[in-house]
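This is what each chain is made of:
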Amino acid sequence: MYLQLTKARYWLLGLITPILFTACHVVLIGAYDQNVDQSIQQISTEVSTLLVKLEKNVDDNQPAENKYEKFRDTYINLYGEVENLKIRTMALPKYSKITEMVVLLNKNIHDLEALHKTGFTDKRLIETTKTLIETSLQAMLTAQNALKRESV
């Protein structure tokens, strides 16, 4: 009789354990934050507009319009927005991965600015930089969209 009860306990334990593990929800990243999402979208819009202007000026054969001095204020605004986003993500629990993405985006924008100071006359250089920055922004937006779906 004791052997049957012991087998029954192990059988019950074997049945309940997988149910408990599948019912658990492990969260490796923080909850969705609408302000972070909106900030990323705003930065994405401004960076895209900047890059489109640069490409258009090259297409229209107007290299003087691509001088860094004409875009300096745009870069300053972008740095302010990225810094604000970094502060926001650092303040949120479990947002370290998003913060890392923001730091990488900031580096990409600094690289864009450094290239811009040397002069943009070749559209291929702009396209390469555009691809790097768009990949960074896309990863951040994908993460936010995944968090948004989880919060619904």
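Scroll up to find the structure.
Residues numbered from 1 in each chain as written. Predicted model: local features only at pLDDT ≥ 70, side-chain atom pairs only at ≥ 80, totals over all residues. Heavy atoms only, no water.

Q: What is the right way to read the overall build of the chain from this model?
A: Along the backbone of the chain there are 5 helices and 0 strands. When the helices and strands of the chain are read in sequence order from the N terminus, they spell out α-α-α-α-α. Here the chain holds 152 residues, and the buried ones make up 30% of them. When the accessible surface of the chain is split by element, carbon and sulfur atoms take 59% of a total near 10200 Å². (Helix = DSSP H or I, 4+ residues; strand = E, 2+ residues; numbered from the N terminus. Buried < 20%, exposed > 50% of the residue type's maximum accessible area, 1.4 Å probe, protein only. Areas by Shrake-Rupley, 256 points an atom, 1.4 Å probe, with all protein chains shown as cover.)

Q: I would appreciate a short explanation of unusual backbone geometry in the present structure.
A: As a rule of thumb, non-glycine residues mostly have phi less than zero, and peptide bonds are mostly trans rather than cis. Positive phi, close to 55°, is recorded for Asn-61, a residue that is not glycine. Along the polypeptide, Asn-61 turns up in the loop between α2 (34–59) and α3 (72–91). Positioned with a positive phi, Lys-94 is a non-glycine residue whose angle comes to about 60°. Along the chain, Lys-94 falls in the loop between α3 and α4 (96–118).

Q: Would you take a moment to explain the environment of Glu-113 for this structure?
A: Within the fold, Glu-113 resides in helix α4. By relative accessible area, Glu-113 is classed as buried at 9%. With 45 residues separating them in the primary sequence, Glu-113 and Tyr-68 have C-alpha atoms 8.0 Å apart.

Q: So what exactly am I meant to see when it comes to the nonpolar core here?
A: The tendency in soluble globular proteins is for nonpolar side chains to be buried side by side. Ile-43, Val-47, Tyr-75, Leu-105 and Ile-109 are the most contacted members of the largest nonpolar core, which totals 29 residues. Tyr-75 has contacts with Leu-50, Tyr-68, Ile-109, Leu-112, Glu-113 and His-116, leaving out every residue within four places of it along the chain. (Core = buried A, V, L, I, M, F, W, Y, C linked by side-chain atoms within 4.5 Å. Contact = heavy atoms within 4.5 Å.)

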